[in-house]
Structure formats: structure tokens, C-alpha cells
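# Observations on the model geometry
The residues making up each chain are set out below.
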Amino acid sequence: MWHIESSARDENTLLVNESLFTLANGYLGVRGTFEEGYKENFKSIRGTYINAFYDITDINYGESAYGFPKTQQKLLNVIDAGGLEVYLDDERVTVFSDQVTYFKRLLHLDKGYSERIIKYKTKLGKQATITFKRLVSFDSKELFAINVDIQYQGNVKIISTVSADVTNFVDSHDPRVNHGEHQFLNVTHFKHKNDTSIITCKTKRSNLLVTCTSHDVYNKECESTVETTKDHIIKTYEFSGDVTFNKYNIYTDSRRHKDTIENGLSILNQVKTKSFDDLLHSQHLYMSTFWKYGDIVIEGDDALQQGLRFNLYQLLQSVGKDECSNIAAKGLTGEGYEGHYFWDTEIYIFPVFLMINPTIAKNLLMYRYSILEEARGRAKELGHSKGALFPWRTIAGTECSAYFPAGTAQYHINADIAYSFIKYFVTTNDLEFIEHYGLEVLVETARVYLDMGFFDKGSFKLNAVTGPDEYTAIVNNNYYTNAMAKYNMKWAVRIYRLLENHNSRYLGALKDRLSLTTEEITAIEEAANHMYLPIDEELNINPQDDTFLSKEIWNFKETPDAHYPLLLHYHPLTIYRYQVCKQADTVLAHFLLEDEQPLDVIKDSYEYYEQVTTHDSSLSSCVFSIMASKIGDMDKAYNYFIETSRLDLDNTHKNTKDGLHMANMGGTWMSIVYGFAGLRLKFDGVHLAPKIPKQLNGYSFYVNYKNSVLRVTVNHEQLEIVLEEGTDVAITLYGEEINVSLQQKYIKTIERDD
Ligand code: BGC
């Protein structure tokens, strides 16, 4: 199924639909609001966002302490150019009117646009069909275009507005949503001439500029007037009979454009020569290229298939494609988590793009490289003599987390970022990238672990950190953090030696720049070799940290359903006192670093943590799905997978209105590829061990490996691997090496656990 659709007109569904029907291209995102507006008093979250376009606000602590970040960045809701009201013989058309005889909206995942069809019978009994189409262009990233086609015999009035009267959304009841300042833009330039409106706004503290250059095009003669207020341009057009009306809105910001007004006008001049059909055609081409090696198919369940494609589509729409942007926890679809970038990128989203679009994946790494200087500054603030500490959440590079126990204390962010650099290297073999950027990141992140850790009875230990599970905070020796830090450090040493052996021309300069010595490399290696990884012999599991198992288990039986997510109903201290996990932690470490532990420990740990995990975080179910596949429980793997697949489409976490859960969307794809199919990317190559849950008839997906593209198809009888492009690939399949070449497809009987 290549589209989603809805006919809903009730307020709750409409808010959710605003997120679901978002259109974006990585730079610009527009929520799926209605051009013509809503009923009075309906609190729509009408949002237009530019990735990484932010303002700065103070963080007000009741009690502050040394090293707490003083300010925060917030993604801004920018100028609204989506307004188009339609009047038929002076009767205003809204979908809420009883005069509507048909209403449907669609988002086309294969063609990259959305559409709304409204059939309307006026009070005089005359029929009209109004079709809105809109797109946010992948080719001209600044363009948000709207097309409205009106079939009506009578007077048609269209009111087209551009408004700088915009604020961010506020929800004082939910800590995951903005609850502070919400008005950030001041108008600095305002002009209307020849159907083109220009509004420029400046942010209050970051001093960034955004310009919206909006131009109306229509296919017949009309009467028109323009009215302006201090922050609105309102254009009224009166037509007789059927009309087609286009509105081309160009968004330029000063983070990417030298002169937002000049650049906006010149981009407009290029795009306004194109018809809306031309634009649709380009979108279609872009999407066809994306799906060619990006599609993932499951046979036997249309609803899940729809969820999968929808999730991938939304990831593509929200992922930043330039160096100053990344992918926010809610992408460009809403304001939850204030547009911040988290580890979600590296652990949940990067792995998807690495396999289906390595260029985008590389860009995500370049973004991290671009904020290395800020991370160095942060490491100093935290008392580290050397190295870089990446922010837990940020837009422009500085730490934006105001609650350090579940923020800055998550030192694993460093190893998560390092992990993605390593996976990029083993998958692409891009030595040049590693020489120029990778080693520097690996060393700078590893240095922080070396600095914060210490040797105790022969083991290297890391104290006072928070692992991924945010229901447990500030602990010693979080298994995930220690294991990931070990990997980070080992690879810093490995890449260093690799470059040394290659006589890399750049190594010397990098060593000078970082004051890096062979002694320090040896010290990193020593620490990694002796990294303490907690194990409980009796339970045969890795304890989440030094004290986790000594706590009382949360009373799940007596916790009413309405009290989930716990974070909205209990003080953090209450939660911290118990064995209760918000999300996968040790289980995630076992997925990312499966060779650290024998299978029986992985299995017993899975079973243990499953009993104490609430999955209150949407980053959890996919990991449990992947690991259920690993330990051979395909029913569970399937059940967790279905939770991820339609999490937003069915609003199962009840906060989709604040934006889509990007990490989970990556997790859906990973549940199939890393889960069912057992893909692993290791130093010695690609590993696969496909299984299939009985509930599905089959699945297939693509893998990009060292410039070759493989298609893997699995059903209950056999698996097939086809090399679509590139040179032969050696694969470790169920532990045995095979070779896949262009000449012949590889077919094998599927292995079963039963
Ligand atoms: C999760 C974090 C995640 C953040 C943003 C939180 O609920 O616990 O792991 O990074 O959401 O998605």
C-alpha cells in the first residue's frame, strides 16, 4: 500500500493527522494542517519548521550548579505561508460545514505529495469539488508549493495569506513538550509587489534570519486586492467559474543562505516557471529513486506494510541533508523535544540510511564532526582534561539538557556516535573519511572515558553515569556504557594502528593537532582491555549496573494502566528506587555488541529485563523485537515488531500530535533487517541469519555494502540473495561464508529453530 488516508474531522484525530500528514524534505517541514483553517477555538499545532533553525532561551533552574547549561536552543515555528481560504458565492468553505458531502485526504508515499478532496454543496444547492495538493520539494529544498483546483460554476474567492504572527506550541503538563517562552520572531522586512509577498523575521537571540517569499499563480483573469497588517499579507482574488490556483512559498534562512531575500527571489524565479505538474513529476522521480533500493516489503499483512513504508517515508522527509542539520527526535513533524537531536540518530536512524542511502548516513556523521569543537568545550566544563563530550540533546552543538540525571549523565552518547562512525567504516571501507574525520572523533570520544574512568582491582570502571534506561539514573558501571565505551576505545586504537600501517599522510598532522602520543593510545588500549563488564553468575545475566539488582522490583501488578508512562505519574526518585526500565538498556548492548557475551547470557538477560521493562519509551520495543529474533522467539519478535510498525499511525503512545517518533520508525525497519534477517555488519563483513515469523508470508529488503547493493528475499521455504549492483560480496550466512555474484542469485533453504 503506497498511501495513507483519512476522512476524520474530529479534533483529536486532526491533531494527530497534522503530524502524520507532514510534508518535509530534510530542510523544510510543514505539518498537515488545513489551508483554510479550522473551527474557532480549535488548538491546531500549525507548524512550519526549518531544520536546525532555532532561537536561544534561558534555562531557569530553581537551584543551579556548576556546569549546568544556562541556555537552550529551540526549533522554531516559522512564517506561515499555508493560508488559503475558499469562498463560493461568498460562502466560506470548511470541511467542518454540514454542506460537505465528501472529504478525504491522502498522503502519497510513492509520489511525495498530499492531497485533500472536498465535495461541497452550497446553500443555494450548487455543487463544487475542491482539491488541494501540496508538496515540499526534494529538488528545490526551499520550496513549499500548494495547488488548489476548484470546479464550480459561480463566483470563487480565494484569500491567500502569509503570516508572521506565529508562536511555538506550549504544553505545561508534559515535560516532553515546550513549556516556556514561545514567541521568538520579529518582522524585519515586509513587502508585497506583483503577487509576490516577502516577509523576513529575525530571531530574538540567535540572530538568525528567515525569509518567506510567496508567490501566487492562477490560470485566469481575476480581480485582486491586497491588505496588510504588521505581520500579515492578505491577498484576495475573485474569479468566475473553475479555477486552478498555485502558491509557491520559498523559505530561505541565514544558516544556509547568504542573503535570504535575494536568494529567496532568485529561487522563486527559477521555480515559478514550473507548473505544479512539473513539480509533482520531479517529486515522483526523486521518490522512485529512493524506493528503488529503499523499499522494504512484507508479504501477508497490508496494515504492517503500510506502517513500514510510512515510517521510512517520514524518516526520509525529516532527515537533514546538509552539514548543519541532523534528524530531531520528532523530525520536522512537530515540536516535541524542541527539535533536539539525540542519540536516536546514531543508534536507531543512522543504521537504516547506512543500508539504503549511505550519502545521507555520511551527512549525519558530518554533522557530529561539525559540532566537535562545542563537544570539546563541554568536556572541559565537565572537568575532563582532554577529549570531547557530545551533548545529550542539542541543535547547534551545545548541551541543551536541563535535567542532568537523564541528560548530560548519559555519557554513552559519545560511544553511540563513535559506534556509528565505526559502522560507517566497516560498511563502506571509506578510508579517506576515517582519516579526515573518523579517527579524530574516535580519539576525542575515547579520551573522555579514559579520563573519567579508573582502575579498581585490575578492572577499568566508569562511575556516575546514566545508561539508556532513563528510569535508572547516575549509577556506577552501567553495562551498556561500559561495553560501548570499550568498543569505542578499542576502535580508536585499531583505526590509529591501521592508519599508521598505511603510512597515512594525515596521521602525523592529526597527532600534532590533538597532542596525541603513542603512550596515550596504549593507555586507551589498556583501559579497554580491562573494561569492567558486570555479570551476575547466579542469574547468568549482565546486571544493568552495580546496584540495579539490589533494588526492589517495581510493583507492576498494582500499577494501573492509566499510570503509564510512569514519568508522568511518579517523581523520578520513586522510579529510581526500583528495578524498572523505561527502555532497553542491557538488551540493547547485547544487540549492538553481541560478541561480548555468550548466547545463554544474552538469552537470560533478555528474559530478565523483559519482566521489568515498561517500554514507556518508544525506543524500546524494536530492540526487544530484534533480540527476540536473535534468541529464536519469533512470536515475541513479531509482537514487538507490530508495536513499532504502526506506533504513530495508530497513535499508540498517545502523543503523536507532538510529532512522529523517529527513532521508533528506524526501529521498525531494524526489527526486520537486524531482527528477522539477523543482519550484522562486522569488521570481517556482512552477516545474515534469516528467520521468519509464522504470521508473515515473506519479506524482502536491500543492503548497501561497499558500493554493492544486495536484495534479500525470505519466505518460509527459502531465502534468496541477489546482487543488484556492484561487485561480488562475501557474506557469512548462518555462520558459513558464501559468495554472491552478479551472474547468479543465491538461494538457500531457510533455517528453522524448531
Ligand atoms: C528516551 C530517550 C530518547 C528521547 C528522545 C526519551 O523518552 O528515553 O532515550 O533519546 O526520548 O527520543
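Just so we're clear, the structure is a prediction, and the values are computed from it rather than from any experiment.

## Details of the overall build of the protein chain
Along the backbone of the protein chain there are 18 helices and 31 strands. Computed over the C-alpha atoms, the radius of gyration of the protein chain is 27 Å, within 12% of the 27 Å expected from 2.2 N^0.38 for a compact globule of 754 residues. Dimensions of the protein chain, computed from the C-alpha atoms along their principal axes, are close to 85 × 60 × 60 Å. Taking all 754 residues of the protein chain together, 63% fall into the buried category. Put simply, of all contacts in the protein chain between residues at least 6 apart along the chain, 67% involve residues at least 24 apart. Here the protein chain has roughly 28,200 Å² of accessible surface; of this, 46% comes from carbon and sulfur atoms. Averaging the coordinates of the 76 positive side-chain charges in the protein chain and doing the same for the 102 negative ones gives two points 3 Å apart.

## Here's the deal with the packing of aromatic side chains
In total, this model carries 43 aromatic pairs according to the counting rule given. Where Tyr 608 meets Tyr 609, the ring centres are 5.5 Å apart and the plane angle is 80 degrees; that geometry is what we call edge-to-face. Considered together, Tyr 608 and Tyr 609 belong to a single accessibility category, that of buried residues. Through a chain of ring-to-ring contacts, three or more aromatic side chains come together here, namely Tyr 337, Phe 342, Trp 343, Tyr 348, Trp 392 and Tyr 480.

## Observations regarding the UniProt feature "domain: Glycoside hydrolase family 65 central catalytic" (unreviewed entry) in the protein chain
As annotated in UniProt, the feature "domain: Glycoside hydrolase family 65 central catalytic" (unreviewed entry) corresponds to residues 309-670 in the numbering used here. Taken end to end, residues 309-670 is 51% helix and 3% strand, and its first and last C-alpha atoms sit 13 Å apart.

## Some words on the environment of Thr 236
By secondary structure assignment, the location of Thr 236 is in strand 17 (residues 232-240). Separated by 12 residues in the primary sequence, Thr 236 and Ser 224 have C-alpha atoms spaced 5.4 Å apart. With residues near it in sequence (within four places) discarded, Thr 236 still touches Lys 157, Ile 158, Ile 159, Glu 223, Ser 224 and Thr 225.

## Observations concerning unusual backbone geometry
Cis geometry marks the peptide bond from Tyr 564 to Pro 565; its omega dihedral reads -5 degrees. In this structure, Pro 565 sits in the loop between strand 22 (552-553) and helix 13 (572-576). The residue Ala 464 is not glycine, and still its phi comes out positive at about 55 degrees. Judged by its relative accessible area of 44%, Ala 464 is partly exposed. Positive phi outside glycine occurs at Tyr 734, with the angle close to 45 degrees. For Tyr 734, the position within the fold is in the loop between strand 29 (729-733) and strand 30 (736-740).

## As for the UniProt feature "active site" (unreviewed entry) in the protein chain
In the numbering adopted here, UniProt assigns the feature "active site" (unreviewed entry) to Glu 470. With residues up to four places along the chain from it excluded, the contact list for Glu 470 reads Trp 392, Ala 406, Gln 410, Tyr 576, Lys 582 and Gln 583. A distance of 2.8 Å separates a polar atom in the side chain of Glu 470 from a polar atom in the side chain of Gln 410.

## What about the pairing of strand 9 (residues 113-121)?
The buried count for strand 9 comes to 7 of 9 residues, which makes it a mostly enclosed element. As paired elements, strand 8 (residues 100-108) and strand 9 share 8 bridges and run antiparallel to each other. For Lys 104, the partnering residue across the bridge sits in strand 9 and is Ile 117. Note: strand 9 against strand 10 (residues 127-136), 8 bridges, orientation antiparallel. Note that in strand 10 the partner of Arg 116 across the bridge is Phe 132. What sits between the antiparallel neighbours strand 9 and strand 10 is a turn of 5 residues, in which Gly 125 has the positive phi angle 85 degrees.

## Topic: the pattern of salt bridges
Any two side chains of opposite charge can pair, so long as their charged atoms come close to each other. Going through the model one piece at a time under the given rule, you end up with 44 salt bridges. Of the charged contacts, one joins Glu 444 and Arg 447 as a salt bridge, the two residues approaching to 2.8 Å between their closest N and O atoms. Taken as a pair, Glu 444 and Arg 447 lie in helix 9 (residues 431-452) at a separation of 3 residues, close to a single helical turn. Judged by relative accessible area, which is 3%, Glu 444 ranks as buried. The shortest N-O distance in the salt bridge between Glu 520 and Arg 447 comes to 2.7 Å. Of this pair, Glu 520 sits in helix 12 (residues 518-529) while Arg 447 sits in helix 9, placing them 73 residues apart in sequence. Residue classification places Glu 520 among the buried residues on the basis of a relative accessible area of 9%.

## Points about the sheet that holds strand 25 (residues 685-688)
With mixed pairing, 4 strands are arranged side by side in an open sheet as 24-25-29-30. Edge positions in the open sheet fall to strand 24 (680-682) and strand 30, since each of these has one partner strand only. The average undirected angle you get between the axes of adjacent strands in this sheet is 35 degrees.

## Topic: the packing of helix 15 (residues 599-612) against helix 16 (residues 621-631)
Taken N-terminus to C-terminus, the directions of helix 15 and helix 16 make an angle of 140 degrees; their axes are 10 Å apart at the nearest point. Between helix 15 and helix 16, the angle falls in the class oblique. In the packing of helix 15 onto helix 16, the handedness of the crossing is left-handed. Each of Leu 599, Ile 602, Lys 603, Tyr 606, Glu 607, Tyr 609 and Glu 610 in helix 15 lies in contact with helix 16, whose residues at this interface are Phe 624, Met 627, Ala 628, Lys 630 and Ile 631.

## What to know about the site of the ligand
Contacts to the ligand come from Ala 329, Tyr 337, Phe 342, Trp 343, Asp 344, Trp 392, Glu 470, Lys 582, Gln 583, Ser 617 and Leu 619. Trp 343 is positioned such that a nitrogen or oxygen atom in its side chain is 2.9 Å from an oxygen atom of the ligand. Between the ligand and Glu 470, the relevant distance is 3.2 Å, taken from an oxygen atom to a side-chain nitrogen or oxygen of the residue. The residue makeup of the shell around the ligand, split by class, is 6 nonpolar, 2 polar and 3 charged. The residues that make up the shell around the ligand include at least three from each of domain 2 (341-533) and domain 3 (535-662).

## Description of the pairing of strand 27 (residues 708-715)
Pairing of strand 26 (residues 698-705) with strand 27 involves 8 bridges; the strand directions are antiparallel. Considered in strand 27, the bridge of Ser 700 is made with Thr 713. Bridging between strand 27 and strand 28 (residues 718-725) involves 6 bridges; their strand directions are antiparallel. Note on strand 28: the bridge partner recorded for Thr 713 is Glu 720. Linking strand 27 back to strand 28 in an antiparallel pair, the connection comprises 2 residues.

Definitions and limits used
- Residues numbered from 1 in each chain as written.
- Predicted model: local features only at pLDDT ≥ 70, side-chain atom pairs only at ≥ 80, totals over all residues.
- Heavy atoms only, no water.
- Helix = DSSP H or I, 4+ residues; strand = E, 2+ residues; numbered from the N terminus.
- Rg over C-alpha atoms; globule rule 2.2 N^0.38 Å.
- Buried < 20%, exposed > 50% of the residue type's maximum accessible area, 1.4 Å probe, protein only.
- Contact = heavy atoms within 4.5 Å.
- Areas by Shrake-Rupley, 256 points an atom, 1.4 Å probe, with all protein chains shown as cover.
- Lys, Arg positive; Asp, Glu negative; His and termini not counted.
- Charge placed at Lys NZ, Arg CZ, Asp CG, Glu CD.
- Phe/Tyr/Trp six-rings, centres within 6.5 Å; stacked < 30°, edge-to-face > 60°.
- UniProt positions renumbered as here; feature names shortened; annotations may be inferred.
- Polar contact = N/O pair within 3.5 Å; in protein donor to acceptor, adjacent residues only side chain to side chain.
- Pairing = 2+ DSSP bridges.
- Salt bridge = Lys/Arg side-chain N within 4 Å of Asp/Glu carboxyl O.
- Axes fitted to C-alpha atoms, helices over the stretch in contact; angles between N-to-C directions.
- Parallel < 35°, antiparallel > 145°, perpendicular 65-115°, else oblique.
- Left-handed = near helix turned anticlockwise from the far one by under 90°.
- Near = heavy atom within 4 Å.
- Nonpolar A, V, L, I, M, F, W, Y, C, P; charged D, E, K, R; others polar.
- Domains from an automatic or database assignment.

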